[in-house]
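Chain residues, written in single-letter form:
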Amino acid sequence: MQPEFPRGVPRTSTFFSRFVSVGTALLFFAGDAFAQGTLQPVQSTLQTLVQALTGPIATSLAILAVIACGFLAWSGRLTWGIAGSVIFGIVLVFGSAQIVQFFQSAVGR
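Residues numbered from 1 in each chain as written. Predicted model: local features only at pLDDT ≥ 70, side-chain atom pairs only at ≥ 80, totals over all residues. Heavy atoms only, no water.

K.L.:
Explanation requested: helix α3 (residues 56-74) in the structure shown.
P.N.:
Note on helix geometry: an α-helix contains 3.6 residues per turn, so any two residues three or four positions apart are oriented the same way. Here α3 is 19 residues long and its end C-alpha atoms lie 27 Å apart, about the 27 Å a rise of 1.5 Å per residue gives. Of all the positions in α3, only A58, A62 and C69 are classed as buried. One face of α3 carries all of its buried residues, which in axial projection span an arc of 40°. In α3, the exposed positions angled more than 90 degrees off the buried face are occupied by P56, I57, L64 and W74. The elements touched by buried residues of α3 are α2 (40-54) and α4 (80-106). Among the residues trailing α3, G76 stands out with phi positive, at a value near 80°. (Helix = DSSP H or I, 4+ residues; strand = E, 2+ residues; numbered from the N terminus. Expected span 1.5 Å × (residues − 1). Buried < 20%, exposed > 50% of the residue type's maximum accessible area, 1.4 Å probe, protein only. Arc of directions from axis to C-beta. Contact = heavy atoms within 4.5 Å.)

In structure tokens form, the structure reads like this:
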């Protein structure tokens, strides 16, 4: 059941006001983390996220994708587009660090 909104107030304005209030609360509570003058909490969080997305979870998903391609090939329904997409996706996920390092070295960082 949809909540009742007053006439003339679009639903997007209530969503936007909630979004702004949550963002303001996050900025207020993040002040303690940035008070140190370092971005170490942000770096550690992002590094944990990268390790989670390129570690055992990604390996398991890549194995399942290759297995799915095998079943599609077995049944005669595998197209070159599907196989290429799976291979390209696996290369991007596991080669992302090397790709970024290549572009960083190309611009002199």
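K.L.:
Teacher, can you tell me more about the packing of aromatic side chains here?
P.N.:
Both the distance between ring centres and the angle between the ring planes are used here to describe each pair of aromatic rings. Under the defined criterion, the tally for this structure stands at two aromatic pairs. Relative to F103, the ring of F102 has its centre 5.3 Å away and its plane inclined at 70°; by these criteria the two rings are edge-to-face. Residue F102 shares its accessibility class with F103, and that shared class is exposed. (Phe/Tyr/Trp six-rings, centres within 6.5 Å; stacked < 30°, edge-to-face > 60°.)

K.L.:
What's the story with a nonpolar patch on the surface in this structure? I'm lost.
P.N.:
Nonpolar side chains collect at one region of the surface, where I57, L61, I63, L64, I67, F71 and W74 lie side by side and expose about 810 Å² of accessible area between them. Looking at the secondary structure, you find I67 in helix α3. With relative accessibility at 41%, the residue I67 sits in the partly exposed group. (Patch = residues over 30% accessible without salt bridge, like charges linked within 9 Å, V, L, I, M, F, W, Y side chains within 5 Å. Areas by Shrake-Rupley, 256 points an atom, 1.4 Å probe, with all protein chains shown as cover. Salt bridge = Lys/Arg side-chain N within 4 Å of Asp/Glu carboxyl O.)

K.L.:
How should α4 be read in this particular structure?
P.N.:
Between its first and last C-alpha, α4 extends only 32 Å over 27 residues, short of the 39 Å set by a 1.5 Å rise per residue. Taking the largest bend as the criterion, α4 deviates by roughly 70°, centred on G95. Every buried residue of α4 is accounted for by A83, V86 and G95. In this structure, the buried side of α4 is in contact with α3. G108, located one to two residues past α4, shows a positive phi value of around 90°. (Bend = angle between axes of the 7 residues up to and from the residue.)

K.L.:
Please clarify how the packing of α3 against α4 should be interpreted in this entry.
P.N.:
Between two packed helices, the angle of one axis relative to the other and the distance separating the axes together describe the packing. Viewed as axis vectors pointing N to C, α3 and α4 meet at an angle of 170°, and their least axial separation amounts to 10 Å. In this view, α3 runs roughly antiparallel relative to α4, as classed from their interaxial angle. Of the two elements, α3 crosses α4, and the hand of that crossing is left-handed. Between α3, through A58, T59, A62, A65, V66, C69 and L72, and α4, the contact on the second element is made entirely by I82, V86, I90, V93 and F94. In terms of residue class, the contact of α3 with α4 is made up of eleven nonpolar, one polar and no charged. (Axes fitted to C-alpha atoms, helices over the stretch in contact; angles between N-to-C directions. Parallel < 35°, antiparallel > 145°, perpendicular 65-115°, else oblique. Left-handed = near helix turned anticlockwise from the far one by under 90°. Nonpolar A, V, L, I, M, F, W, Y, C, P; charged D, E, K, R; others polar.)

K.L.:
Looking at this structure, I do not really get the environment of L72. What am I missing?
P.N.:
Structurally, L72 is set in helix α3. Along the chain, L72 and I82 lie ten residues apart, while their C-alpha atoms are 9.4 Å from each other. The contact partners of L72, leaving out residues within four places of it in the chain, are R77, L78 and I82.

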